[in-house]
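Topology and contacts: notes
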Amino acid sequence: MMKRLLLLVTLFTAFTCGLVAQNLVSIIGASTPVGWTGDLDMTTTDNVTYTYSGLVISVPASDPGVKFRLDHAWTTNWGANTFPSGVATQNGPNIPATNGTYDVTFNRVTGAYTFAPVGVTYDTVTLMGGGATYTLSTADGVNYTYQGLTLTAGEYMFNINNNVMVGGTTFPSGTASEGISINVPAGTYQLTWNNDTMMYNFGFPVISLIGSAVDGTWTTDIDLTTTDGVTYTKWGVTLLDGGAKFRQSHAWTMSWGSADFPSGVATEGGADIAVVAGTYNITFNVMTGAYSFGPPVVSLIGSAIDPDWSVDIDLETTDGVNYSKLAVVLNTGAIKFRLNHAWGVNWGASAFPSGTATQDGNDIPVTAGTYDVTFNRTTGAFNFLIVAGTTSVTKDKVAAYPNPAVTAWNFNAGNTELTNIKLTDITGKTVVNQAVNGATATVSATGLANGVYFATVTAGGQNTVIRVVKN
């Protein structure tokens, strides 16, 4: 019995010691009583928030400052350049402490820290709701914060010193009053509270993209935008070949990566995302880690679709350069191409049914009909190909046969004389430009790659665009 008890004690001791070692956070630095050769272990009840009471800071003449580190080793350590509070990042600089005695708090997940002078009593401010209580931190008794606060949807109130309950009628910010709840939607927030003015703000954490794919040097952050603190987006981002990661608050305390591109699920501390050069619409979900580097949206908009120019018809793409949409029904009117449903980048031209659009060009004059539309975002080349059986863009009937063809197409305009046939591929590149003279003409398909082409047939002084296929 004694041997069995001794064995159980030994195993329990080994287990608990190992558990503590995995989550041991300490303070170290020349400004502490033990210098850089010793660690002052902090205490915790949840392995997230760590505290140390009565830290005596004495700043030496050289090599000053303090840092936090994990397991008495430099493999994982945190530092920053602000005092008495801030957000420490992994391998950050020494914290420039000031002489005095402090009660220290440190959040191992967010990196937030506070050095509060001993003997100075501050109000305790908590946020209550959703069945939980969240304690805000302060370095001056006026400005309180809670970074990376994930909340479920519900009603919340601030509690001051376990006595006064206050809230507000507005979100995400406002001035609190007693007895009022704040209706907060689900999300992750950077919560701030001013204890003098009673103003609150549920701000969203900054999520950015950084990497050699951004600037070649991993020094520039591209901030994403959000409306809920969960889904972040940034449209029309031009990137280089290289690596990239998502990170929070422009710091490495929280970062996400993955080996997959152009979409996947990023994990905290994951691999660099291997980006292929291009322009992308980026989305990232901080809750699930799901991300996507999708091609920019190119759409049609105009009075030919909606008299108020308020409806976009999105085109489809597989490469972010060549866009198309089949069977688009248009009225007589004007139309333009635009990027990401915004007028910052748009293309137009005076020509129809084909031509080369330029940025901020003229409205394209459309004739009513049903069209297969193609557009090249790089060159601006476009085509509106009339769909068989719908209103023609000219009064003359032009036929192409056989279609599909293997060696050649024959074109026939009835009794109208043909004068020119121009063949373009789906990128807008002209591959045949043939002058003709007669009611019929033959265009050779020999040497052309299999695929779809657009034949602009000039007959009787008018143009008709016909979709032809080479097999």
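Please read all numbers here as calculations on a predicted model, not as lab measurements.

Focus on the packing of aromatic side chains
Summed over all chains, the structure comprises 37 aromatic pairs. Measuring from centroid to centroid gives 6.3 Å for Phe158 and Phe202, while their planes differ by 45°, and the two rings are tilted. Highlighted residues: Phe158 in strand E15 (residues 154–160) and Phe202 in strand E21 (residues 199–203), separated in sequence by 44 residues. You'll find Phe158 and Phe202 in the same group, each marked buried. A centroid spacing of 5.7 Å and a plane angle of 85° characterise the contact between Tyr189 and Phe202, whose relative ring orientation is edge-to-face. Highlighted residues: Tyr189 in strand E20 (residues 187–194) and Phe202 in strand E21, separated in sequence by 13 residues. Accessibility assignment for this pair places Tyr189 and Phe202 in one class, buried. Put simply, the rings of Phe68, Trp78, Phe83, Tyr102, Phe106, Tyr113 and Phe115 touch in pairs and so form one group of aromatic residues. Lying over the aromatic face of Trp74, Arg69 brings its terminal NZ or CZ to 4.6 Å of the ring centre. Its guanidinium or amino end placed over the ring of Trp252, Arg247 lies 4.6 Å from that ring's centre, counting from NZ or CZ.

Focus on empty space enclosed by the protein
On inspection of all chains with the given rule, the structure shows one cavity of 30 Å³ or more. Estimated volume of the largest cavity: approximately 50 Å³. Surrounding the largest cavity, Val87, Thr110, Gln147, Gln248, Ser249, Ala251, Thr253 and Met254 form its lining.

Notes on the pattern of salt bridges
Side-chain pairs of opposite charge can arise whenever the charged atoms involved come near each other. The final tally for this structure, using the stated rule, is four salt bridges. Notably, a salt bridge pairs Arg247 with Asp221, separated by 2.8 Å at the nearest N-O pair. Highlighted residues: Arg247 in strand E26 (residues 242–248) and Asp221 in strand E23 (residues 221–223), separated in sequence by 26 residues. Here Glu316 makes a salt bridge to Lys325, at a shortest N to O gap of 3.8 Å. On the basis of relative accessibility, which here comes to 51%, the residue Glu316 falls in the exposed class. Of the residues examined, Lys325 reaches a relative accessible area of 26% and is grouped as partly exposed.

Some remarks on the pairing of strand E12 (residues 132–135)
Each regular strand displays side chains that alternate between the two surfaces of the sheet. Strand direction decides the pairing type here: strand E11 (residues 125–129) and E12, joined by four bridges, are antiparallel. Paired with Thr126 across the two strands is Thr135, which belongs to E12. Following E11, the chain reverses through two residues before pairing antiparallel with E12; Gly130 in that reversal takes a positive phi of roughly 65°.

Quick look at the sheet that holds strand E28 (residues 263–265)
The strands making up a sheet associate through backbone hydrogen bonding, with each pair oriented either parallel or antiparallel. Spatial strand order, E24-E25-E31-E32-E28: five strands in an open sheet with antiparallel pairing. Taken across any chain shown, the strands that pair with only one partner, and hence form the sheet edges, are strand E24 (225–226) and E28. Where E24 meets strand E25 (residues 231–239), two bridges bridge the pair, whose relative direction is antiparallel. By the bridge assignment, Thr226 is partnered in E25 with Tyr232.

Some remarks on the nonpolar core
Counting residues in each nonpolar core, the largest one holds 23 residues, and the members touching the most others are Leu300, Leu330, Ile335, Phe337 and Phe384. Those elements that place two or more of their residues in this core are strand E33 (298–301), strand E36 (322–330), strand E37 (333–339), strand E41 (364–366), strand E42 (369–376) and strand E43 (381–386). With near-sequence residues (within four places) excluded, Leu330 lies in contact with Ala304, Ile305, Ile335, Val366, Ala368, Gly369, Tyr371 and Phe384.

Examining the pairing of E20
Counting buried positions along E20 gives seven out of eight residues, so the element sits mostly inside the fold. Bridging between strand E14 (residues 143–151) and E20 involves seven bridges; their strand directions are antiparallel. Its bridge partner being in E20, Tyr144 is matched across the sheet by Trp193. Of the pairings in the sheet, the one linking E20 to E21 comprises four bridges and is antiparallel in character. Bridge pairing in E21 places Trp193 opposite Tyr200.

Quick word on the sheet that holds strand E6 (residues 73–79)
Taken together, five strands build an open sheet; the order of strands is E2-E1-E5-E6-E8 and the sheet is antiparallel. The open sheet terminates on both sides in strands that have one partner only, identified here as strand E2 (40–41) and strand E8 (89–90). The sheet contact formed by strand E5 (residues 67–70) and E6 spans three bridges and is antiparallel. Residue pairing in the sheet places Phe68 in a bridge with Trp78 of E6.

Some details on the layout of surface pockets
Taken as a whole, the largest pocket encloses approximately 700 Å³ of empty space. In this structure, the largest pocket is lined by 29 residues; those nearest its centre are Thr105, Thr135, Leu136, Ser137 and Thr138. Of the residues assigned to the lining of the largest pocket, the class counts are 14 nonpolar, 13 polar and two charged.

How each quantity is defined
Residues numbered from 1 in each chain as written. Predicted model: local features only at pLDDT ≥ 70, side-chain atom pairs only at ≥ 80, totals over all residues. Heavy atoms only, no water. Phe/Tyr/Trp six-rings, centres within 6.5 Å; stacked < 30°, edge-to-face > 60°. Helix = DSSP H or I, 4+ residues; strand = E, 2+ residues; numbered from the N terminus. Buried < 20%, exposed > 50% of the residue type's maximum accessible area, 1.4 Å probe, protein only. Lys NZ or Arg CZ within 6 Å of the ring centre and 35° of its normal. 1 Å grid on protein atoms, 1.4 Å probe; cavity = no way out; pocket = protein on both sides within 12 Å on 5 of 7 lines; lining within 4 Å. Points joined across faces, edges and corners; volume = space filled by probe spheres on them. Salt bridge = Lys/Arg side-chain N within 4 Å of Asp/Glu carboxyl O. Pairing = 2+ DSSP bridges. Core = buried A, V, L, I, M, F, W, Y, C linked by side-chain atoms within 4.5 Å. Contact = heavy atoms within 4.5 Å. Nonpolar A, V, L, I, M, F, W, Y, C, P; charged D, E, K, R; others polar.

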